[in-house]
Amino acid sequence: MPKDKTDNFLKAIKKYAKEQKTAMHGEVKQLKTERLKEAEEEAKRESQRKIKENLRKSRNRKTAQFAKEARENRSKLFVERAKMVDEVFAAAGEKLIAYTATDDYKEALRNSAREIAALFEDNDCVIMLSERDMSAAEEIKGFFGGNVQVQADQDITIGGIKGFCESKSIIADETLDTKLQAQREWFVEHAALSVV
């Protein structure tokens with residue numbers, strides 16, 4: 001091959017190589033730009049996902065913390081409510097004990113004995129009184145027609161009368177203790193002291 005042709009051939013190859021090199025650099029640059037853009041978009045999506053996940057976890061923690069505090073506050077309110085009710089009914093019990101020293105109470109005790117006696121008719125029965133009311137045992141026995149046993153009952157701490165007639169399977173409770181307890185249940189339901 002002649003030198004001119006060889007030189008021209010080499011020049012053509014160099015030119016072609018240079019064009020290929022420039023084209024490859026362009027493609028590499030474009031590919032780098034596309035990949036970089038894809039990576040940026042992926043990073044953006046991932047960071048948004050992580051932000052949402054962290055917000056969700058934070059909300060869940062706050063909700064759980066709020067629920068725990070609400071439970072604790074309800075427990076405290078429940079304890080305070082029970083304490084208030086105990087105080088109210090302890091004071092009421094003291095007033096009732098003071099009432100048992102009055103003539104009105106003695107008349108109420110006689111009336112309760114009459115009602116229980118009418119219920120038991122002439123059947124044998126057991127009558128229970130508080131230790132303080134045992135002085136009225138003989139008078140109370142007089143209201144009953146059958147054989148009557150009168151006993152002191154340690155469970156009657158305030159006063160009143162309780163009776164049991166085995167032949168009629170009846171228990172009658174006219175004690176102030178039971179009446180006060182019934183009022184306690186009513187008070188708890190209706191005193192607007194509910195814990196929500």
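Everything below is about the structure printed above this text.
Draft legend 1. The arrangement of the pairing of strand 3 (residues 160-165) in detail. In terms of burial, strand 3 is a largely internal element, five of the six residues being buried. Taken together, the four bridges between strand 1 (residues 125-129) and strand 3 define a ladder with antiparallel strand orientation. Each bridged residue has a counterpart across the sheet, and for valine 126 the counterpart in strand 3 is phenylalanine 164. Note that strand 3 and strand 4 (residues 170-175) share six bridges and pair antiparallel. When the bridges of strand 4 are listed, glycine 163 appears paired with alanine 172. Connecting the antiparallel pair strand 3 and strand 4 is a turn made up of four residues, with serine 169 showing a positive phi of about 50°.

Draft legend 2. How the structure looks around the nonpolar core. In this structure, Phe120, Ile127, Ile140, Phe144 and Ile161 are the most contacted members of the largest nonpolar core, which totals 24 residues. Among the secondary structure elements, those contributing two or more residues to this core are helix 1 (3-99), helix 2 (103-120), strand 1, helix 3 (137-141), strand 2 (148-152), strand 3, strand 4 and helix 4 (176-190). A total of six residues in this core trace back to one element, the largest contributor, which is helix 2. Sequence-distant contacts of isoleucine 127, defined by excluding residues within four places in its chain, comprise Ile116, Phe120, Ile140, Phe144, Val148, Gln149, Val150, Gln151, Ile161, Lys162 and Gly163.

Draft legend 3. Looking closely at the layout of surface pockets. Approximately 200 Å³ is the volume attributed to the largest pocket. Considering the residues around the largest pocket, the lining is formed by Thr100, Ala101, Tyr105, Lys106, Leu109, Arg110, Arg132, Asp133, Ser135, Ala136, Glu139 and Ile140. Sorting the residues of the lining of the largest pocket by element identifies helix 2 and helix 3 as the ones contributing at least two each. Of all the elements, helix 2 adds the most residues to the lining of the largest pocket, at four residues. Classifying every residue of the lining of the largest pocket by side-chain character gives five nonpolar, two polar and five charged.

What counts and how
- Residues numbered from 1 in each chain as written.
- Predicted model: local features only at pLDDT ≥ 70, side-chain atom pairs only at ≥ 80, totals over all residues.
- Heavy atoms only, no water.
- Buried < 20%, exposed > 50% of the residue type's maximum accessible area, 1.4 Å probe, protein only.
- Helix = DSSP H or I, 4+ residues; strand = E, 2+ residues; numbered from the N terminus.
- Pairing = 2+ DSSP bridges.
- Core = buried A, V, L, I, M, F, W, Y, C linked by side-chain atoms within 4.5 Å.
- Contact = heavy atoms within 4.5 Å.
- 1 Å grid on protein atoms, 1.4 Å probe; cavity = no way out; pocket = protein on both sides within 12 Å on 5 of 7 lines; lining within 4 Å.
- Points joined across faces, edges and corners; volume = space filled by probe spheres on them.
- Nonpolar A, V, L, I, M, F, W, Y, C, P; charged D, E, K, R; others polar.

Nothing here speaks to function; it is geometry throughout.
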